[in-house]
Amino acid sequence: MNVTEAVASRRSVREFLDKPVDKALLESILTKAQNAPSGGNTQPWNAVMATGQPLKKLLEAVAEVVPQGPAAHKPEYSIYPPELDGRYKDARFGVGEAMYAALDIPRDNKMARLMWFARNFRAFDAPVLMLIHTPRYMGPPQWSDIGMWLQTVALLLREEGLDCCFQEAWAIYTPQIRACFNIPDDHIFFCGAAIGHRDPDAPVNNFPVPRAPLDEVVTWQGF
């Protein structure tokens, strides 16, 4: 698989096969991903790789508080800016509606939508959950570096026939994550990444996800 194929076939996978992922393979992928760029070579990313009983412990801890709704949400940063508007807002809500349409869950079935959203906190039944954190003093440039590292990880996963779903949603349950894993107090938790083998037949893994046309995001000067 070349880079173009990896980019084209990568997507947020929300239904995984019941198939384990070999630790040695993940170590190889993450070792290669260390070549991702970062300003000043700071490499601000840190991660916990969880599977088996430690992952089960986290999923059970979060399941206990999910019924509390927003009262249990304690993110350490704003996942989406309140000012989100225009094509950015349209894209966010558009992909959600496309996903629920693929799942045949209408807008007025609020309970079914909530139940599906709660699958985030089972990591969509992926066998591995990566939990990403960074020192609190890191700024937007370093968070951008983490994004470049995560994209590198995603493409290397595709090269090996694996997939992932980056889940900022995990940030709302940071206290439960900290109770289960040793994330330093002076680090901020960023996101989770469900990792495993894609279920190729699941409708939620096959609906189209449109991208903005190039002329909406890029201007050309001097060409």
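Heads up: these notes are all about the structure in this document. (Residues numbered from 1 in each chain as written. Predicted model: local features only at pLDDT ≥ 70, side-chain atom pairs only at ≥ 80, totals over all residues. Heavy atoms only, no water.)

So, the pattern of salt bridges
Between side chains of opposite charge, pairing is possible as soon as their charged atoms come close.
Working step 1: Applying the stated criterion across every chain yields a total of 9 salt bridges.
Working step 2: Between Glu97 and Arg107 there is a salt bridge, and its shortest N-O distance comes to 3.4 Å. Separated by 10 residues along the polypeptide, Glu97 in helix H4 (residues 86–102) and Arg107 in the loop between H4 and helix H5 (110–117) bring together distant segments of the chain.
Working step 3: The class of Glu97 is partly exposed, set by a relative accessible area of 29%.
Working step 4: Exposure remark for Arg107: the relative accessible area of 52% places this residue in the exposed category.
Working step 5: Put simply, Asp163 and Arg158 hold a salt bridge, and the shortest N to O gap is 3.3 Å. Residues Asp163 and Arg158 agree in their burial class; the two are buried.
Working step 6: Several salt bridges converge on common partners, so that one network encompasses Glu15, Arg119, Arg122 and Asp125. (Salt bridge = Lys/Arg side-chain N within 4 Å of Asp/Glu carboxyl O. Helix = DSSP H or I, 4+ residues; strand = E, 2+ residues; numbered from the N terminus. Buried < 20%, exposed > 50% of the residue type's maximum accessible area, 1.4 Å probe, protein only.)

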